[in-house]
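# Structure at a glance
The residues making up each chain are set out below.
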Amino acid sequence: MRRCLLANDSPFLLLAFEDRLKDHFDAVETFENGLLALEAVKAQSIDYYQAIVLDIQMPIMNGIEACIQIKKFFSETHEQI
C-alpha cells in the first residue's frame, strides 16, 4: 500500500492537495500542523509513508522544523535496525 502524509494548516488547501494526491496514493493521511505530522511518523514503521508533504508555515511546528525532526527520527531509527 502506498501512503502519503500531508500537513497543512489551511483546511481548503488540505482538501485540495488531498484530492490531487489520492490519484497517486492508496491512502493520504492529513494533519493540521508539523507536530501532529511528526507524531504520526514516529507512531509508524520507518517505511510506512512513501511521501511526506509539509507546508512550510504552520502553527505549533512549521514544516521546516518538522522535516528536521522527521529526518533526525529516521536517522536514529535506521541506526537501531
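In case you missed it, the structure is sitting above this.
Note that the coordinates shown come from a computational prediction; the quantities given were computed from them, not determined experimentally. (Residues numbered from 1 in each chain as written. Predicted model: local features only at pLDDT ≥ 70, side-chain atom pairs only at ≥ 80, totals over all residues. Heavy atoms only, no water.)

## As for the overall build of the protein
On a plain count of helices and strands, the protein comes out with three helices and three strands. Each helix and strand of the protein, ordered N terminal to C terminal, gives the series β-α-β-α-β-α. In terms of overall size, the protein behaves like a compact globule, its C-alpha atoms giving a radius of gyration of 12 Å where 81 residues would be expected to give roughly 12 Å. In terms of overall dimensions, the protein has a C-alpha envelope of 40 × 30 × 15 Å along the principal axes. Counting every position in the protein, which comprises 81 residues, the buried fraction comes to 35%. Relative to all contacts within the protein whose residues are 6 or more apart in sequence, the contacts with residues 24 or more apart total 60%. For the protein, the accessible area works out to roughly 5,300 Å², and carbon and sulfur atoms hold 56% of it. Taking the average location of the 7 positive side-chain charges in the protein and that of its 13 negative ones, the two points are 4 Å from each other. (Helix = DSSP H or I, 4+ residues; strand = E, 2+ residues; numbered from the N terminus. Rg over C-alpha atoms; globule rule 2.2 N^0.38 Å. Buried < 20%, exposed > 50% of the residue type's maximum accessible area, 1.4 Å probe, protein only. Contact = heavy atoms within 4.5 Å. Areas by Shrake-Rupley, 256 points an atom, 1.4 Å probe, with all protein chains shown as cover. Lys, Arg positive; Asp, Glu negative; His and termini not counted. Charge placed at Lys NZ, Arg CZ, Asp CG, Glu CD.)

## A look at helix α2 (residues 34–42)
Residues of α2 that are buried: G34, A37, L38, A40 and V41. Each buried residue of α2 sits inside an arc of 160° when the element is viewed along its axis, so together they form one side. (Arc of directions from axis to C-beta.)

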